[in-house]
Amino acid sequence: LTREDLMDKVVDREWKAKSRLSAIVTSITRGRARKAFLWVFAVVALILLAILVAGLAMGTQTDPAEDARNYNELSDFYYETQPNLPYQTCRMGKGLQLPDSEETALLDVAFISAIAYAGESTTQRLLDGWFGEGTLTNEADTVDAFKGLSSEYVNSAAHYKYITSSEYPDFGVVAVRGTSNAWDALADAQLWGAAILFQMVRAILPVGEAFTPILHRVVKIVPLLETESINKVSYYKEVTAFVETVKDSTKNLIVTGHSLGGGVALISGAQTKRPAIGLSAPNAMISRDTFQPPITPLDLNTYTFNIIPNRDPVPRFDDVADLYQRIECRTGASDFFGCHTASRSVCEIMYTCGTLTRPALCICAKKWGYPEPKPYNTTTRTFQEACANATY
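Residues numbered from 1 in each chain as written. Predicted model: local features only at pLDDT ≥ 70, side-chain atom pairs only at ≥ 80, totals over all residues. Heavy atoms only, no water.

1. Considering the packing of aromatic side chains
Moving on, step 1. Within this structure, the stated rule accounts for 11 aromatic pairs.
Moving on, step 2. Ring geometry for Tyr236 versus Phe291: centroids 5.3 Å apart, planes at 70°, classification edge-to-face. With Tyr236 in helix H11 (residues 235-246) and Phe291 in the loop between strand S7 (276-279) and helix H13 (297-303), this residue pair connects regions lying 55 residues apart in the sequence. Summarising the burial analysis for this pair, Tyr236 and Phe291 share the class buried.
Moving on, step 3. On the basis of an interplanar angle of 55° and a centroid distance of 5.5 Å, the ring pair of Tyr351 and Tyr370 is categorised as tilted. Of this pair, Tyr351 sits in helix H14 (residues 342-353) while Tyr370 sits in the loop between helix H15 (362-366) and strand S11 (374-375), placing them 19 residues apart in sequence. There is no split in this pair, since Tyr351 and Tyr370 are both buried.
Moving on, step 4. One aromatic cluster is present, formed by Phe146, Tyr153, Tyr160, Tyr162 and Phe242 through successive ring pairs. (Phe/Tyr/Trp six-rings, centres within 6.5 Å; stacked < 30°, edge-to-face > 60°. Helix = DSSP H or I, 4+ residues; strand = E, 2+ residues; numbered from the N terminus. Buried < 20%, exposed > 50% of the residue type's maximum accessible area, 1.4 Å probe, protein only.)

This is the structure in structure tokens:
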């Protein structure tokens, strides 16, 4: 072959290589692949928007802080345990109950998670009415002092309470407030958006469940995309730091919360290896590697417990760990967000498990339509008279 022939072959090979590269680029940017990428980005955007809108809707459909102010505890009325099979976890053990309160453990934790929305003075009044005056104390000063340690915490939108017992110094509860504004809804989207996306992809794909063991590795890229502004709404980091601060002096420590607060509680409980109970909480099994530090399936299956009302969409976010309790939701099928209401779930547990040593609440019958509680024999007033000042 002449030199000219060799040069022609080299040019021909280069042309073919460039032609193949051009075809590949064209297929990605103009063909089906491009459409697929656009669909993925569109779905992600819609999911984040849906979570934001849903968070706002759940926060405004019923004001949990207003509910807490109007619980109206009635120590002279009670609900009997229902004669049908009650929830298996009405009486919880393994360190999940308050001292000497095994029979009302599920109800107690649900109540505390619900009053995390209340103001400080209202919280103490509700604790006194529920457990007895002076039994538990809302340590607002301890939380304020911790937040004062860092400018990041002072300006944080994370809200949580630290509740202790003077009778049992080793006991404490960290109660994390749930979604109540757009900033909280953004935290929902940031923490669980990727997990929800891959849940949807798994549901669409044939034999999608086969991909479950690797989903946590796929969503692991999320922390790499975090910006500083988004990182600020990772409430769990502050709550975990607070739990680490108090857990040595409070060995019997429980972390709890409702909605976003419950999801944060599950994350922080798993990270600090302290029992955590969520009420209507998003889960963390798929997204476990996106948290800092990451958590293991063993941590989630050992330290976390989720109370899941039927038809509540939020505890369907991410995959649930081994320990959970499904409860009934007695609202209309068209009430999409009604099953996510904290006070309704408290009433469901109270009505099914019974009040036992705890007071009944006006809100259960007056607002959510449960049967009126029964009066004790020593009571001289009717339920209507007892709840005359309750407005819903």
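2. Brief notes about helix H6 (residues 140-147)
Moving on, step 1. The complete set of buried residues in H6 reads Ala140, Val143, Phe146 and Lys147. Within H6, the buried residues cover an arc of 130° as seen down the axis, which keeps them to one side.
Moving on, step 2. Looking at the buried side of H6, the elements it contacts are helix H5 (120-131), strand S3 (136-138), helix H7 (151-154), strand S4 (160-165) and H11. (Arc of directions from axis to C-beta. Contact = heavy atoms within 4.5 Å.)

3. A look at the state of the cysteines
Moving on, step 1. Under the counting rule described, the total for this entry stands at four disulfides.
Moving on, step 2. The side chain of Cys329 participates in a disulfide bridge whose partner is Cys339; the two sulfur atoms lie 2.0 Å from each other. Since a negative S-S torsion denotes a left-handed disulfide, the Cys329-Cys339 link at about -90° is left-handed. Of the two residues, Cys329 sits in the loop between strand S9 (324-327) and H14 while Cys339 sits in the loop between S9 and H14, which places them 10 residues apart along the sequence. Here Cys329 and Cys339 have matching classes, each one buried.
Moving on, step 3. Disulfide partner of Cys362: Cys387, at an S-S distance of 2.0 Å. Disulfide Cys362-Cys387: the torsion about the S-S bond is -90°, which places it as left-handed. (Disulfide = S-S within 2.5 Å.)

4. Thoughts on H14
Moving on, step 1. With 12 residues, H14 ought to run about 16 Å at 1.5 Å a step, and its terminal C-alpha atoms sit 16 Å apart, in line with that.
Moving on, step 2. Counting buried residues along H14, 12 of its 12 residues qualify, which places the element largely inside the surrounding structure.
Moving on, step 3. Among all positions in H14, only Ala342, Ser343, Arg344, Ser345, Val346, Cys347, Glu348, Ile349, Met350, Tyr351, Thr352 and Cys353 are buried.
Moving on, step 4. With its phi angle positive at about 95°, Gly354 sits one or two positions after the end of H14. (Expected span 1.5 Å × (residues − 1).)

5. Digging into the packing of helix H4 (residues 105-114) against H14
Moving on, step 1. Relative orientation of the contacting elements H4 and H14 amounts to 165°, with a least axis distance of 9 Å. In terms of axis orientation, H4 runs roughly antiparallel to H14. In this structure, H4 crosses over H14, and the sense of that crossing is left-handed. Counting all contacts with H4, which are made through Leu106, Leu107, Ala110, Phe111 and Ala114, the residues of H14 involved are Ala342, Val346, Ile349, Met350 and Cys353. (Axes fitted to C-alpha atoms, helices over the stretch in contact; angles between N-to-C directions. Parallel < 35°, antiparallel > 145°, perpendicular 65-115°, else oblique. Left-handed = near helix turned anticlockwise from the far one by under 90°.)

6. Looking at the nonpolar core
Moving on, step 1. Counting residues in each nonpolar core, the largest one holds 51 residues, and the members touching the most others are Tyr71, Ile307, Ile349, Leu361 and Cys364.
Moving on, step 2. Take this core: its biggest share by element is eight residues, from H4.
Moving on, step 3. If sequence neighbours within four positions are ignored, Ile349 has contacts with Leu106, Leu107, Ala110, Ile307, Ile327 and Gly354.
Moving on, step 4. Counting 35 residues, the second-largest nonpolar core is a separate cluster that includes Val143, Tyr153, Ala158 and Leu253. (Core = buried A, V, L, I, M, F, W, Y, C linked by side-chain atoms within 4.5 Å.)

7. Here's the deal with the pairing of strand S6 (residues 252-258)
Moving on, step 1. Counting buried positions along S6 yields six of seven residues, so the element is predominantly enclosed.
Moving on, step 2. Pairing of S6 with S7 involves four bridges; the strand directions are parallel. Opposite His258, over in S7, you have Leu279 as the bridge partner.
Moving on, step 3. Running through helix H12 (residues 260-272), the crossover from S6 to the neighbouring parallel element S7 is right-handed. (Pairing = 2+ DSSP bridges. Right-handed = clockwise from strand over helix to strand, strands pointing away.)

8. Some words on the sheet that holds strand S5 (residues 171-176)
Moving on, step 1. As summarised here, the arrangement of the seven strands in space is S3-S4-S5-S6-S7-S8-S9, forming an open sheet in which the pairing is mixed. Edge positions in the sheet fall to S3 and S9, since each has one partner strand and no second. Between one strand axis and the next, the sheet turns by 20° as a mean value, whatever way the strands run.
Moving on, step 2. Of the strand pairs in this sheet, strand S8 (residues 304-309) and S9 are connected by four bridges, and their pairing is parallel. Bridge pairing in S9 links Ile307 to Gln325.

9. So, the packing of H11 against H12
Moving on, step 1. At a minimum axis separation of 9 Å, H11 and H12 run at an interaxial angle of 50°. Judged on the interaxial angle alone, H12 and H11 are oblique. Judged by the sense of rotation from one axis to the other, the crossing of H11 with H12 is right-handed. Contact residues: H11 offers Tyr235, Tyr236, Val239, Thr240, Val243 and Glu244, while H12 offers Leu260, Val264, Ile267, Ser268, Gln271 and Thr272.
Moving on, step 2. Across the contact of H11 with H12, the residue classes break down as seven nonpolar, four polar and one charged. (Nonpolar A, V, L, I, M, F, W, Y, C, P; charged D, E, K, R; others polar.)

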